[in-house]
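Close look at the chain arrangement
The residues making up each chain are set out below.
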Amino acid sequence: TVGDILLVDSEIVVVSAVDRSGNTIDVYERGSGDTAGATHTSATVAKIIGSAHVEGTANAEAMAETTGKVTNYCQLFEETVDLSKADSDQARKTGRTEPVLKAEAMERVMQDLARTAIFGTARAATSTIPAMTRGFISYLNDISGALKTSVSGAFTETVLKNALDDVRAAGGSVNAIVLSIANKRVANGFTGADAIQTTRADREGGQVLDAYIADGHGRIPFVVDIDFPNDKVALVNTRFMEKGWKINDMLSFVPFTNVNPRERKDLLAGKAGLSMSGIGKTHALLTDLTTA
């Protein structure tokens, strides 16, 4: 942004203007301070080392963090609970009271919501097609600028470390490694973490790692999900992931209308959306993993 101090090789410059459509920047002068202007190659990486502004000016862009805009939609979740009193219904429900039936419906919705959080895709609603909300694999796989690595090979400790380095270099951090059961078995064999604690009795077979300790990230717990695909591993920061219910449309039980007078049905429904920020900084996705 305007006002950023850049270190390019040994030359320091201060950004005076940014052209995002043309991917160019202007600077106040070449070789600021005690440095000298120099020729740089296209492979040279510029580092932001500070911020400086002209006295008496206020640049709006420099005073606010620039963020990417990601479009998502709210998805409607529904479950019908049949509480009718007909003899055939009662025979089916023997021993299953209304609270039990409602608890089962709630569990089904939570399972649907959990799977949507992983696999969901963004889809706007029409008069005939329901809306869908984007899951975090779509955020990390389909959004431009996301930290994504196509491994085309096995999930190894080196692959994990490289992904952690990518997040660290982008200025982010992760607090969870999400993976399948098969890849967790592989991760149990990782022994190159910065610290390893083994406190289980010697007579117990096997090795299970609860977390991975990495410089710059600290202790990162493994999160095993039975539905997570074997060809992917996600490194995420859950502080930048959230679920939100639409205002006045939170998950709740309401009487189901247009039913026979002898029937009684409740509808569990609510409209939720999933959001994820920090794309390209504090999450990473490994794809195209092969399993033994």
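It should be emphasised that the depicted structure is a prediction, and the values quoted were computed from it without experimental measurement.

**Describing the confidence of the model for the protein chain**
Per-chain confidence: the protein chain averages 86 in pLDDT, with 86% of residues scoring 70 or above. For the protein chain, helix α1 (residues 87-92) is the element with the lowest average pLDDT, namely 55, and strand β10 (residues 233-236) is the one with the highest, namely 97.

**Looking at the pattern of salt bridges**
Tallied over the entire structure, the rule returns 6 salt bridges. Residue E11 pairs with R30 through a salt bridge whose shortest N-O separation is 2.7 Å. With E11 in strand β2 (residues 11-19) and R30 in the loop between β3 (24-27) and β4 (46-51), the pair connects residues that are 19 residues apart, well separated along the chain. Overall, the relative accessible area of 1% leaves E11 in the buried class.

**Quick notes on helix α4 (residues 157-169)**
Between its first and last C-alpha atoms α4 spans 18 Å; for 13 residues at 1.5 Å apiece the expected length is 18 Å, and the two agree. Elements in contact with the buried residues of α4: β6 (148-154), β7 (176-179), β8 (211-214), β9 (218-224), β10 and β14 (284-290). G171 sits one or two residues past α4 and shows a positive phi near 90°.

**Quick look at the sheet that holds β4**
Within the open sheet, the 4 strands sit side by side as β3-β2-β1-β4. Their pairing is antiparallel. A single partner strand is all that each edge strand has here, and the edge strands are β3 and β4. Put simply, the sheet's adjacent strands are angled 50° from each other on average, direction ignored. The pairing of β2 with β3 spans 4 bridges and is classified as antiparallel. Note that in β3 the partner of V15 across the bridge is V27.

**Some details on the packing of aromatic side chains**
Considering all chains together, one arrives at 4 aromatic pairs under this definition. Between F136 and F228, the aromatic rings sit 6.0 Å apart at their centres with planes inclined by 20°, giving stacked as the arrangement. Highlighted residues: F136 in helix α3 (residues 136-142) and F228 in the loop between β9 and β10, separated in sequence by 92 residues. In this pair, the class of F136 matches that of F228, namely buried. Consider the rings of F155 and F190, whose centres lie 5.4 Å apart with planes at 65°: the pair is edge-to-face. One end of the pair, F155, is in the loop between β6 and α4; the other, F190, is in the loop between α5 (181-187) and β8, and 35 residues separate them in sequence. Each of the two residues, F155 as well as F190, counts as buried. Ring-pair connections join several aromatic residues into one group, and the members of that group are F155, F190 and Y212. One Lys or Arg, R134, reaches over the ring of Y139 and ends 5.6 Å from the middle of that ring.

Conventions used here
Residues numbered from 1 in each chain as written. Predicted model: local features only at pLDDT ≥ 70, side-chain atom pairs only at ≥ 80, totals over all residues. Heavy atoms only, no water. pLDDT = per-residue confidence, 0-100. Helix = DSSP H or I, 4+ residues; strand = E, 2+ residues; numbered from the N terminus. Salt bridge = Lys/Arg side-chain N within 4 Å of Asp/Glu carboxyl O. Buried < 20%, exposed > 50% of the residue type's maximum accessible area, 1.4 Å probe, protein only. Expected span 1.5 Å × (residues − 1). Contact = heavy atoms within 4.5 Å. Pairing = 2+ DSSP bridges. Axes fitted to C-alpha atoms, helices over the stretch in contact; angles between N-to-C directions. Phe/Tyr/Trp six-rings, centres within 6.5 Å; stacked < 30°, edge-to-face > 60°. Lys NZ or Arg CZ within 6 Å of the ring centre and 35° of its normal.

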